[in-house]
Amino acid sequence: MIGLISATAAGTVARDRLAAAWPGRTVVYEGPVREAVQRAFAECEQLVCFLATGAVVRLLAPLLSDKASDPGVVCVDEAGRHAVALLGGHGGGANALAGAVGEVLGAAPVVTTATDATGVPGLDMLGLPVEGDVAGVSRAMLDGAWVELRADAVWPLPPLPASVSPGAGGGAVLRVTDRIVELGSRTAVLRPASLAVGVGASKGAPAEEVLGLIRDALREAGLSPLSIAELVTVDAKADEPGIVAAASQLGVPLRTYAADELARVEVPNPSDAPLAAVGTPSVAEAAALAAGGELLVPKRKSNPVEGRAAMATCAVVRRAPRGRLAVVGLGPGARDLLTPRAREELRRASVLVGLDQYVDQIRDLLRPGTTVLESGLGAEEERARTAVAEARKGHAVALIGSGDAGVYAMASPALAEAGADIDVVGVPGVTAALAAAAILGAPLGHDHVSISLSDLHTPWEVIERRVRAAAEADIIVTFYNPRSRGRDWQLPKALSILSGHREAATPVGVVRNASRPDESSRVTSLAALDPATVDMMTVVTVGNTATREIAGRMVTPRGYRWQSATAAPAQEGAE
């Protein structure tokens, strides 16, 4: 929960705006400021103080305990110009909170942690548990000193500075491993989520017995509990209190499998007892192997209290790293139409693959050390293969495309190439059709379709059939790739087909380079449109029989009955 504290009228106005924007996430603390800060500090994970930084520093000083447990604190000035990450930038999430506050209030986030200021990812911000001399290794990274990278495998990490590499000298070491290693000076260890722990338990098995068994098994195998990705068991044990509590204390999810699925898994140590109890000859081993990976710890039993049998079993597998492919839509071109999620994925990727002109649009958003693989027009399938190949090596890859990457862009060839051996994430973007529609007015107010007029990948006969279907169905049409120097007849043909079903005065919107500095747009008619004025950078939207031009804007009603000038307007959201 986020605690909100203010002391002045202006601060209260901004505080209430933030509370309204984040319902259910915030608590407003009223009363004397000192008492409000003390209560919020004790009760909340984060604080936003609409106070001077000096005042907040004095109020917080007696409350500070440890950077690992203190909440993140953001200060917003009286004029609402800046959101300052004051305390707990990384561990407390204040850096991210400052950015989020800035988006709501229009304030500039102020982040002073060295890693964020230089673009170097903090070791505690890589999405993996980290231990050891984090400060010492981070200092070496910030100084540009050599840091030796020792990784058991390639994991999809964000880009690291060029000075962090295998075989580097310099004394500082960054390890990526699930093994227990000596934590010496200037050595930090990132713990990948590589281990799945299968668990079985008798009814009423104490959580302490389950948890103790897991920890003993890992310790004796030389494995770190920080690398546990999940606990797995049979469906019948999904609500077993001891197993549920163990997962909660370890901070990992609990996943279950059907008994008949586990019964089909070959295990080295089957038993009649679980077969009779839950319908499978193995729970711990079978569940661990079903999660996928190499069996490191075969089934072992807990150490029972004297006088009774063991009540828990466990087994451990190590899963191979899975690369990550994010297919990212960059939007139509304007930086403010690039989504926050797209920005996050660009910062997360250690490998970026894309068309050279699109890479140039976002190159400044990449972290130092990002590997950029760019190519020119016409190499779409090659880029898709390259992105998938890099992900299969274990990297975090971003494959970029304009608009939405799933609309006439890179998602299709990439996903046709990708298999189940990598993780794939889609990041939506604002399409050219939507950007153009917003400029034109509201042309897509009813059913609409997008059709590409390029016959490089689709036979013209198929394209023409689709245009005719849209014409006969009275559907609004947005034409992509309408005309180029080598394809100058397709757009006139498509307009001719539509003219057979729509009046000559039907509004047509023409937008070139939507959202870019040289954007241009106009609303014309089906009869007046000159195809020679259209090129590949243009989107053409043809209205349906209900579309009208109103005050220079193109508007399609949600229904086919226009309201008369004297009729009451339909309520927004009415069907």
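Reading the values: the criteria
Residues numbered from 1 in each chain as written. Predicted model: local features only at pLDDT ≥ 70, side-chain atom pairs only at ≥ 80, totals over all residues. Heavy atoms only, no water. Axes fitted to C-alpha atoms, helices over the stretch in contact; angles between N-to-C directions. Helix = DSSP H or I, 4+ residues; strand = E, 2+ residues; numbered from the N terminus. Parallel < 35°, antiparallel > 145°, perpendicular 65-115°, else oblique. Contact = heavy atoms within 4.5 Å. Nonpolar A, V, L, I, M, F, W, Y, C, P; charged D, E, K, R; others polar. Buried < 20%, exposed > 50% of the residue type's maximum accessible area, 1.4 Å probe, protein only. Pairing = 2+ DSSP bridges. Salt bridge = Lys/Arg side-chain N within 4 Å of Asp/Glu carboxyl O. Core = buried A, V, L, I, M, F, W, Y, C linked by side-chain atoms within 4.5 Å. Phe/Tyr/Trp six-rings, centres within 6.5 Å; stacked < 30°, edge-to-face > 60°. Lys NZ or Arg CZ within 6 Å of the ring centre and 35° of its normal.

**Student:** Describe the packing of helix α1 (residues 9-21) against helix α4 (residues 94-105), and please don't skip the residues or the numbers.
**Tutor:** Where α1 contacts α4, the axes come no closer than 10 Å and their chain directions differ by 100 degrees. The angle between the axes of α1 and α4 places the two elements in the roughly perpendicular class. Listed contacts from α4 to Ala14, Arg17, Leu18 and Ala21 of α1 are Val101, Val104 and Leu105. When the residues that make up the contact of α1 with α4 are grouped by side-chain class, the tally is six nonpolar, no polar and one charged.

**Student:** Lay out the environment of Gly93 with the relevant residues and their values.
**Tutor:** Among the secondary structure elements, Gly93 is positioned in the loop between β5 (82-87) and α4. For Gly93, a relative accessible area of 18% translates into the label buried. Taking C-alpha positions, Gly93 is 17 Å from Arg341, a pair spaced 248 residues apart along the chain. Ignoring any residue separated from it by four or fewer positions in sequence, one finds Gly93 in contact with Gln46 and Gly88.

**Student:** Kindly report on the pairing of strand β16 (residues 312-318), identifying the contributing residues and their values.
**Tutor:** Taking burial as the measure, the seven residues of β16 include seven buried ones, the bulk of the element. Of the two faces of β16, both are covered, the one formed by Ala312, Cys314, Val316 and Arg318 as well as the one formed by Thr313, Ala315 and Val317. Bridging between strand β15 (residues 294-301) and β16 involves five bridges; their strand directions are antiparallel. Bridged to Arg300 within β16 is Cys314.

**Student:** Tell me about the pattern of salt bridges, and name the residues and values.
**Tutor:** As enumerated under the stated definition, the model contains 23 salt bridges in all. Note that Glu345 is salt-bridged to Arg324, the shortest N-O span being 2.7 Å. Of this pair, Glu345 sits in helix α12 (residues 340-348) while Arg324 is found in strand β17 (residues 324-329), placing the two residues 21 residues apart along the sequence. Just as Glu345 is buried, Arg324 falls in that class too. A salt bridge links Glu464 to Arg468, with the nearest nitrogen and oxygen atoms 3.0 Å apart. Taken together, the positions of Glu464 and Arg468, both in helix α17 (residues 460-472) and four residues apart, correspond to about one turn of that helix. According to the relative accessible area criterion, Glu464 is buried, its value standing at 17%.

**Student:** Which residues make up the nonpolar core, and what values do they have?
**Tutor:** With 24 residues, the main nonpolar core has Val197, Val210, Ile214, Ile228 and Leu231 as its most contacted residues. Counting only elements with at least two residues in this core, the list comes to β12 (195-201), α7 (207-220), β13 (228-234), α8 (241-250) and β16. At six residues, the largest contribution of residues to this core is made by α7. In this structure, Ile463, Phe479, Leu498 and Val508 belong to the second largest nonpolar core, which totals 21 residues.

**Student:** A description of the sheet that holds strand β14 (residues 254-257) should follow, citing residues and the corresponding values.
**Tutor:** Consider a sheet: its strands pair through backbone hydrogen bonds, and that pairing is either parallel or antiparallel. With respect to topology, five strands assemble into an open sheet ordered β14-β13-β12-β16-β15, the strand pairing being mixed. The outermost strands of the open sheet, each flanked by one partner alone, are β14 and β15. Each strand axis lies, on average, 25 degrees off the axis of its neighbour in the sheet, ignoring direction. As paired strands, β12 and β16 are joined by seven bridges and run antiparallel to one another. By the bridge assignment for β16, Leu195 is matched with Arg318. Most of the contacts of α7 go to β16, to which it runs at about 40 degrees, and overall it touches β12, β13, β15 and β16. Set on the sheet, α8 makes contact with β12, β13 and β14; between it and β13 the angle comes to about 175 degrees.

**Student:** Before we move on, could you go through the sheet that holds strand β10 (residues 172-176) and cite the residues and values that matter?
**Tutor:** A sheet is described by the order of its strands in space; here five strands give the open sequence β7-β11-β10-β8-β9, paired in mixed fashion. The sheet is open, and its two edges are formed by β7 (130-132) and β9 (164-165), each paired on a single side. Of the strand pairs in this sheet, β10 and strand β11 (residues 187-190) are connected by four bridges, and their pairing is parallel. In the sheet register, Leu174 faces β11, and the bridge partner there is Ala188.

**Student:** Pulling in residues and values, what's your account of the packing of aromatic side chains?
**Tutor:** For the structure shown, the criterion picks out two aromatic pairs. Geometrically, the ring pair formed by Tyr408 and Tyr480 is tilted, given 4.7 Å between the ring centres and 55 degrees between the ring planes. A residue pair is termed long-range when its members are at least 10 positions apart, and Tyr408 in the loop between β20 (396-401) and α15 (411-417) and Tyr480 in strand β24 (residues 476-480) qualify at 72 residues. Accessibility expressed as a relative area gives 45% for Tyr408, which makes it partly exposed. What makes Tyr480 buried here is its relative accessible area of 10%. Look at Trp460 and Trp489: their rings are 5.0 Å apart centre to centre, the planes differ by 70 degrees, and that puts the pair in the edge-to-face class. In this pair, Trp460 is assigned in helix α17 and Trp489 in the loop between β24 and α18 (490-499), connecting sequence segments 29 residues apart. The class for Trp489 is partly exposed, based on a relative accessible area of 42%. The lysine or arginine in question, Arg25, covers the ring of Trp22, its NZ or CZ lying 4.5 Å from the ring centre.

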